[in-house]
Amino acid sequence: MANYELWRSDRQLTEPLADGAALLRGFASKDAANLLDAVREIAAIAPFRHMTTPGGYRMSVAMTNCGERGWVSDANGYRYDAFDPETGRRWPAIPELFLTLATGAAAEAGFPNFRPDACLINRYEPGARLTLHQDRNERDFTQPIVSVSLGLPAVFLFGGARRKDRPRRIRIENGDVAVWGGPARLAFHGIAPLAAGSDSLAGEHRINLTFRKAC
Ligand SMILES: O=C(O)CCC(=O)C(=O)O
Ligand SMILES: [Mn+2]
(Lines give C-alpha, C1' and ligand atoms only; values in the text may rest on other atoms or scores of the structure.)
(Ligands and ions follow the chains in the order given, each with its own letter.)
Protein backbone atom coordinates (compact mmCIF):
# COMPACT_ATOMS: atom_id res chain seq x y z
CA MET A 1 0.00 0.00 0.00
CA ALA A 2 2.79 2.40 0.88
CA ASN A 3 4.42 1.85 -2.53
CA TYR A 4 1.13 2.35 -4.22
CA GLU A 5 0.58 5.68 -2.43
CA LEU A 6 4.06 6.77 -3.44
CA TRP A 7 3.49 5.71 -7.03
CA ARG A 8 0.31 7.73 -7.16
CA SER A 9 1.65 10.84 -5.50
CA ASP A 10 4.85 10.64 -7.59
CA ARG A 11 2.90 10.96 -10.76
CA GLN A 12 0.33 13.42 -9.37
CA LEU A 13 -2.47 11.35 -10.79
CA THR A 14 -5.25 13.36 -9.19
CA GLU A 15 -6.67 15.74 -11.77
CA PRO A 16 -9.04 18.44 -10.52
CA LEU A 17 -12.15 18.65 -12.75
CA ALA A 18 -13.97 21.46 -10.96
CA ASP A 19 -14.45 22.78 -7.43
CA GLY A 20 -15.57 19.57 -5.63
CA ALA A 21 -14.70 17.19 -8.49
CA ALA A 22 -11.57 15.19 -9.25
CA LEU A 23 -10.41 12.39 -11.49
CA LEU A 24 -8.19 9.85 -9.70
CA ARG A 25 -6.20 8.30 -12.51
CA GLY A 26 -5.56 4.60 -12.05
CA PHE A 27 -6.95 4.54 -8.51
CA ALA A 28 -8.72 1.19 -9.15
CA SER A 29 -6.21 -0.32 -11.62
CA LYS A 30 -4.77 -2.91 -9.30
CA ASP A 31 -8.28 -4.12 -8.35
CA ALA A 32 -9.72 -4.22 -11.87
CA ALA A 33 -9.67 -8.00 -12.34
CA ASN A 34 -11.22 -8.65 -8.93
CA LEU A 35 -13.84 -5.94 -9.44
CA LEU A 36 -14.85 -7.46 -12.78
CA ASP A 37 -15.07 -10.93 -11.22
CA ALA A 38 -17.40 -9.50 -8.58
CA VAL A 39 -19.50 -7.83 -11.29
CA ARG A 40 -19.92 -11.23 -12.96
CA GLU A 41 -21.06 -12.75 -9.66
CA ILE A 42 -23.58 -9.94 -9.13
CA ALA A 43 -24.89 -10.25 -12.71
CA ALA A 44 -25.45 -13.99 -12.17
CA ILE A 45 -27.98 -13.04 -9.47
CA ALA A 46 -29.27 -9.71 -10.84
CA PRO A 47 -28.79 -9.87 -14.63
CA PHE A 48 -27.88 -6.88 -16.79
CA ARG A 49 -30.93 -5.47 -18.53
CA HIS A 50 -31.78 -2.53 -20.78
CA MET A 51 -34.15 -0.32 -18.81
CA THR A 52 -36.72 1.97 -20.38
CA THR A 53 -36.82 5.72 -19.80
CA PRO A 54 -40.05 7.27 -18.48
CA GLY A 55 -40.51 8.58 -22.05
CA GLY A 56 -40.47 5.02 -23.41
CA TYR A 57 -36.94 4.80 -24.86
CA ARG A 58 -34.77 1.69 -24.40
CA MET A 59 -31.47 2.74 -22.81
CA SER A 60 -28.38 1.71 -24.80
CA VAL A 61 -26.47 1.02 -21.57
CA ALA A 62 -27.28 -2.29 -19.84
CA MET A 63 -27.63 -1.96 -16.06
CA THR A 64 -27.82 -3.86 -12.82
CA ASN A 65 -27.26 -2.93 -9.17
CA CYS A 66 -25.91 -4.06 -5.86
CA GLY A 67 -26.63 -2.53 -2.48
CA GLU A 68 -29.56 -1.83 -0.19
CA ARG A 69 -31.14 0.14 -3.01
CA GLY A 70 -30.90 -0.12 -6.78
CA TRP A 71 -31.54 2.58 -9.36
CA VAL A 72 -34.33 1.68 -11.74
CA SER A 73 -36.15 3.37 -14.60
CA ASP A 74 -39.40 2.45 -16.29
CA ALA A 75 -42.65 4.05 -17.44
CA ASN A 76 -43.31 5.14 -13.84
CA GLY A 77 -40.11 7.21 -13.63
CA TYR A 78 -36.61 7.06 -12.16
CA ARG A 79 -36.26 5.86 -8.59
CA TYR A 80 -34.40 3.69 -6.09
CA ASP A 81 -35.94 0.34 -5.21
CA ALA A 82 -34.88 -2.22 -2.58
CA PHE A 83 -36.04 -4.99 -4.92
CA ASP A 84 -34.95 -5.96 -8.41
CA PRO A 85 -38.10 -5.64 -10.54
CA GLU A 86 -36.81 -8.41 -12.85
CA THR A 87 -36.40 -11.05 -10.14
CA GLY A 88 -38.53 -9.72 -7.27
CA ARG A 89 -35.53 -10.28 -4.98
CA ARG A 90 -33.31 -7.87 -3.10
CA TRP A 91 -30.24 -6.66 -4.96
CA PRO A 92 -27.00 -8.48 -4.03
CA ALA A 93 -24.99 -6.81 -1.25
CA ILE A 94 -22.18 -4.41 -2.15
CA PRO A 95 -18.94 -6.47 -1.98
CA GLU A 96 -16.41 -5.36 0.64
CA LEU A 97 -13.84 -4.64 -2.09
CA PHE A 98 -16.27 -2.18 -3.71
CA LEU A 99 -16.88 -0.38 -0.41
CA THR A 100 -13.18 -0.09 0.39
CA LEU A 101 -12.50 1.30 -3.06
CA ALA A 102 -15.41 3.75 -3.08
CA THR A 103 -14.81 5.15 0.40
CA GLY A 104 -11.05 5.35 -0.25
CA ALA A 105 -11.56 7.26 -3.49
CA ALA A 106 -14.06 9.62 -1.87
CA ALA A 107 -11.64 10.33 1.01
CA GLU A 108 -8.81 10.95 -1.45
CA ALA A 109 -11.01 13.52 -3.21
CA GLY A 110 -11.94 15.29 0.04
CA PHE A 111 -15.08 13.43 1.13
CA PRO A 112 -14.01 11.31 4.13
CA ASN A 113 -17.57 10.51 5.30
CA PHE A 114 -18.95 8.81 2.20
CA ARG A 115 -21.33 5.94 3.09
CA PRO A 116 -22.67 4.45 -0.16
CA ASP A 117 -25.78 2.27 0.03
CA ALA A 118 -26.30 1.89 -3.73
CA CYS A 119 -24.03 0.83 -6.58
CA LEU A 120 -25.39 1.10 -10.11
CA ILE A 121 -23.42 -1.06 -12.53
CA ASN A 122 -23.44 0.14 -16.14
CA ARG A 123 -22.31 -2.01 -19.06
CA TYR A 124 -21.52 -0.23 -22.35
CA GLU A 125 -21.06 -1.92 -25.69
CA PRO A 126 -19.68 -0.05 -28.71
CA GLY A 127 -22.11 2.75 -29.63
CA ALA A 128 -23.74 2.83 -26.18
CA ARG A 129 -23.86 6.25 -24.53
CA LEU A 130 -25.29 8.15 -21.61
CA THR A 131 -26.61 11.58 -22.49
CA LEU A 132 -25.88 14.58 -20.25
CA HIS A 133 -27.77 14.32 -16.98
CA GLN A 134 -27.57 15.11 -13.27
CA ASP A 135 -27.63 12.43 -10.56
CA ARG A 136 -30.50 13.78 -8.53
CA ASN A 137 -32.64 10.86 -7.37
CA GLU A 138 -30.71 10.69 -4.08
CA ARG A 139 -31.91 12.26 -0.83
CA ASP A 140 -28.68 13.69 0.53
CA PHE A 141 -26.68 15.88 -1.82
CA THR A 142 -23.96 16.37 0.79
CA GLN A 143 -22.76 12.85 -0.15
CA PRO A 144 -20.65 12.65 -3.33
CA ILE A 145 -20.82 10.40 -6.37
CA VAL A 146 -17.94 7.94 -6.94
CA SER A 147 -17.69 6.55 -10.46
CA VAL A 148 -15.24 3.75 -11.37
CA SER A 149 -14.25 2.94 -14.97
CA LEU A 150 -13.30 -0.61 -16.01
CA GLY A 151 -12.56 -2.16 -19.39
CA LEU A 152 -12.69 -0.16 -22.62
CA PRO A 153 -11.79 3.55 -22.52
CA ALA A 154 -14.49 6.19 -22.95
CA VAL A 155 -14.97 9.93 -23.27
CA PHE A 156 -16.44 11.35 -20.06
CA LEU A 157 -18.44 14.53 -20.52
CA PHE A 158 -18.25 16.77 -17.47
CA GLY A 159 -20.20 20.02 -17.52
CA GLY A 160 -21.53 22.51 -15.04
CA ALA A 161 -24.68 23.11 -13.04
CA ARG A 162 -26.69 24.02 -16.15
CA ARG A 163 -27.40 21.71 -19.05
CA LYS A 164 -26.26 24.38 -21.49
CA ASP A 165 -22.78 24.63 -19.88
CA ARG A 166 -20.43 23.14 -22.45
CA PRO A 167 -18.99 19.92 -21.01
CA ARG A 168 -15.29 19.07 -20.95
CA ARG A 169 -14.42 15.88 -22.83
CA ILE A 170 -12.04 13.72 -20.82
CA ARG A 171 -10.67 10.36 -21.91
CA ILE A 172 -11.08 7.87 -19.08
CA GLU A 173 -9.53 4.43 -18.91
CA ASN A 174 -9.62 1.19 -16.98
CA GLY A 175 -8.99 1.96 -13.30
CA ASP A 176 -9.80 5.67 -13.40
CA VAL A 177 -12.17 6.94 -10.69
CA ALA A 178 -14.14 10.18 -10.89
CA VAL A 179 -15.53 11.78 -7.72
CA TRP A 180 -17.87 14.75 -7.62
CA GLY A 181 -19.63 16.34 -4.67
CA GLY A 182 -20.02 19.58 -2.74
CA PRO A 183 -20.40 22.45 -5.21
CA ALA A 184 -20.09 19.97 -8.13
CA ARG A 185 -22.63 17.44 -6.83
CA LEU A 186 -25.28 18.36 -9.40
CA ALA A 187 -22.91 18.83 -12.35
CA PHE A 188 -24.23 17.58 -15.67
CA HIS A 189 -22.23 14.63 -16.97
CA GLY A 190 -22.45 11.80 -19.48
CA ILE A 191 -20.55 9.34 -21.65
CA ALA A 192 -20.01 9.81 -25.42
CA PRO A 193 -20.84 6.84 -27.69
CA LEU A 194 -18.34 4.10 -26.86
CA ALA A 195 -15.74 3.33 -29.53
CA ALA A 196 -15.27 -0.31 -30.52
CA GLY A 197 -12.30 -2.11 -29.02
CA SER A 198 -11.23 -5.12 -27.05
CA ASP A 199 -10.01 -5.11 -23.47
CA SER A 200 -8.03 -7.98 -21.97
CA LEU A 201 -10.29 -8.13 -18.90
CA ALA A 202 -13.69 -6.83 -20.02
CA GLY A 203 -13.72 -7.89 -23.69
CA GLU A 204 -15.80 -5.57 -25.87
CA HIS A 205 -17.32 -3.72 -22.95
CA ARG A 206 -16.83 -0.82 -20.65
CA ILE A 207 -18.11 -1.39 -17.12
CA ASN A 208 -18.85 1.50 -14.79
CA LEU A 209 -19.58 1.32 -11.08
CA THR A 210 -21.45 4.36 -9.77
CA PHE A 211 -21.57 4.54 -5.98
CA ARG A 212 -24.14 6.71 -4.26
CA LYS A 213 -25.81 7.32 -0.94
CA ALA A 214 -29.39 6.95 -2.11
CA CYS A 215 -31.40 7.04 1.12
O1 LIG B 1 -20.56 5.45 -17.03
C2 LIG B 1 -20.18 6.47 -16.46
O3 LIG B 1 -19.00 6.77 -16.32
C4 LIG B 1 -21.21 7.44 -15.90
C5 LIG B 1 -22.44 6.76 -15.33
C6 LIG B 1 -23.46 7.72 -14.83
O7 LIG B 1 -23.32 8.89 -14.93
C8 LIG B 1 -24.67 7.21 -14.18
O9 LIG B 1 -24.87 5.98 -14.10
O10 LIG B 1 -25.47 8.03 -13.71
MN1 LIG C 1 -24.76 9.97 -13.66
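Everything that follows concerns the structure shown earlier in this document.
Residue numbers restart at each chain and count upward from 1, following the sequence in its written direction. Labels follow written order: the first chain is A, the first ligand is 1, and so on. Two thresholds apply to this predicted model, a pLDDT of at least 70 for residue-level local features and 80 or more for giving and counting side-chain atom pairs, whereas whole-chain, interface and lining totals are computed over all residues. Working from all heavy atoms in the structure, the side-chain values ignore hydrogens and water.

J.: Can you help me understand the coordination of the manganese ion (ligand 2) in this one?
T.: Reference values for coordination geometry: four tetrahedral donors around a metal ideally subtend 109.5 degrees, six octahedral donors ideally subtend 90 or 180 degrees. With water excluded from the atoms, a metal site may look incomplete; its donors are any N, O or S atoms within 2.8 Å, or within 3.2 Å for Na, K and Ca. Bound to the manganese ion (ligand 2) are the protein donor atoms His-133 (NE2), Asp-135 (OD) and His-189 (NE2), situated 2.1 to 2.2 Å from the metal. One chain supplies every donor for the manganese ion (ligand 2), spaced along it as H-x1-D-x53-H.

J.: What's the story with the side chain of Thr-53 in this structure? I'm lost.
T.: Working definition: helices are DSSP H or I runs of at least four residues, strands are E runs of at least two. Numbering for both runs from the N terminus. Summarising the element assignment, Thr-53 is placed in the loop between helix 2 (32-45) and strand 3 (62-67). Buried residues are those whose accessible area, probed at 1.4 Å on protein chains only, stays under 20% of the maximum for their type, while exposed residues exceed 50% and partly exposed ones sit between those limits. The class of Thr-53 is buried, set by a relative accessible area of 16%. The contact definition used throughout considers only heavy atoms, calling two residues in contact when any of these lie within 4.5 Å. Filtering out sequence-adjacent residues up to four positions away, Thr-53 remains in contact with Met-59, Ser-73, Asp-74 and Tyr-78.

J.: Would you explain the sheet that holds strand 11 (residues 177-180) in this entry?
T.: Whether parallel or antiparallel, the strands of a sheet pair through hydrogen bonds between backbone atoms. Strands qualify as paired when DSSP identifies two bridges or more between them. The antiparallel open sheet is built from 7 strands, whose spatial order is 1-2-11-8-13-6-3. Since the sheet does not close on itself, it has two edges, and those belong to strand 1 (14-18) and strand 3, each with one partner. The mean angle between the axes of side-by-side strands here comes to 20 degrees, regardless of whether they run parallel or antiparallel. Here strand 6 (residues 118-124) pairs with strand 13 (residues 206-212) via 7 bridges, running antiparallel. Looking across to strand 13, one finds that Ile-121 is bridged to Leu-209. Sheet contacts for helix 2: strand 3, strand 6, strand 8 (145-151) and strand 13; angle to strand 13, the most-contacted strand, approximately 80 degrees. To define axes, lines are fitted to C-alpha atoms, for helices over the stretch in contact only, and angles between the resulting N-to-C directions are given on a 0 to 180 degree scale. Its contacts with the sheet put helix 3 (residues 96-108) on strand 1, strand 2 (21-24), strand 3, strand 6, strand 8, strand 11 and strand 13, and the angle it makes with strand 8 is roughly 120 degrees.

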